[in-house]
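Listed here are the chains, written in short residue letters.
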Amino acid sequence: MVVAIIGLAAGAVVLSVPDPRPSVAEDAERFAARLSRAREEAVLTNRPVAVEATVAGYSFMAFDGARWSILDEGPFGPETWTAGATVEPSEVRILFDPTGVAEPGVVTLTRERNSRTITVDGAGEVSLNG
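So, here is what we can say about the structure in this document. Computed from a prediction, not measured in an experiment: that's the story for all the values here.

## Focus: the packing of aromatic side chains
Then, number 1: Under the counting rule described, the total for this entry stands at six aromatic pairs.
Then, number 2: On the basis of an interplanar angle of 45° and a centroid distance of 5.2 Å, the ring pair of Phe63 and Trp68 is categorised as tilted.
Then, number 3: Among the aromatic residues, those joined into a cluster by ring pairs are Phe31, Tyr58, Phe60, Phe76 and Trp81.
Then, number 4: Directly above the aromatic system of Trp68 lies the positively charged group of Arg93, at a separation of 4.6 Å from the ring centroid.

Written as structure tokens, this is what we have:
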């Protein structure tokens, strides 16, 4: 009888432990914040900044007038999505020009039955839906 009670208690503990992975909402919020920061970087440094997102994660690049180079300092280090997250479309590139204007883009993150959509409009404004 004691073993059965311990088994039930252990099962209850395991079922009540939260998922240690960040939620898809947290991934989406972090991505949206970093997109906004990329727009600011383009305006402040007077150079185009691009964000490339794939099924694996996303990274930032800047154009110096001759070539594109990876941004990996400060908030611009490459980031991978949380395990189990899927991205639609599978590849997207969002480009912010030095005035903050952007090529519009939409990225939808999904994990299990939860999804969030990050949208960048032509004015470079970033919004999070879902």
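## With respect to helix 2 (residues 24-45)
Then, number 1: With 22 residues, helix 2 should cover 32 Å at 1.5 Å per step; its first-to-last C-alpha distance of 31 Å lies within 8% of that length.
Then, number 2: Of the residues making up helix 2, those classed as buried are Val24, Ala25, Asp27, Ala28, Phe31, Ala32, Arg34, Leu35, Ala38, Glu41 and Ala42.
Then, number 3: Note on helix 2: the residue one or two positions beyond its end, Asn46, has a positive phi of about 55°.

Analysis parameters
Residues numbered from 1 in each chain as written. Predicted model: local features only at pLDDT ≥ 70, side-chain atom pairs only at ≥ 80, totals over all residues. Heavy atoms only, no water. Phe/Tyr/Trp six-rings, centres within 6.5 Å; stacked < 30°, edge-to-face > 60°. Lys NZ or Arg CZ within 6 Å of the ring centre and 35° of its normal. Helix = DSSP H or I, 4+ residues; strand = E, 2+ residues; numbered from the N terminus. Expected span 1.5 Å × (residues − 1). Buried < 20%, exposed > 50% of the residue type's maximum accessible area, 1.4 Å probe, protein only.

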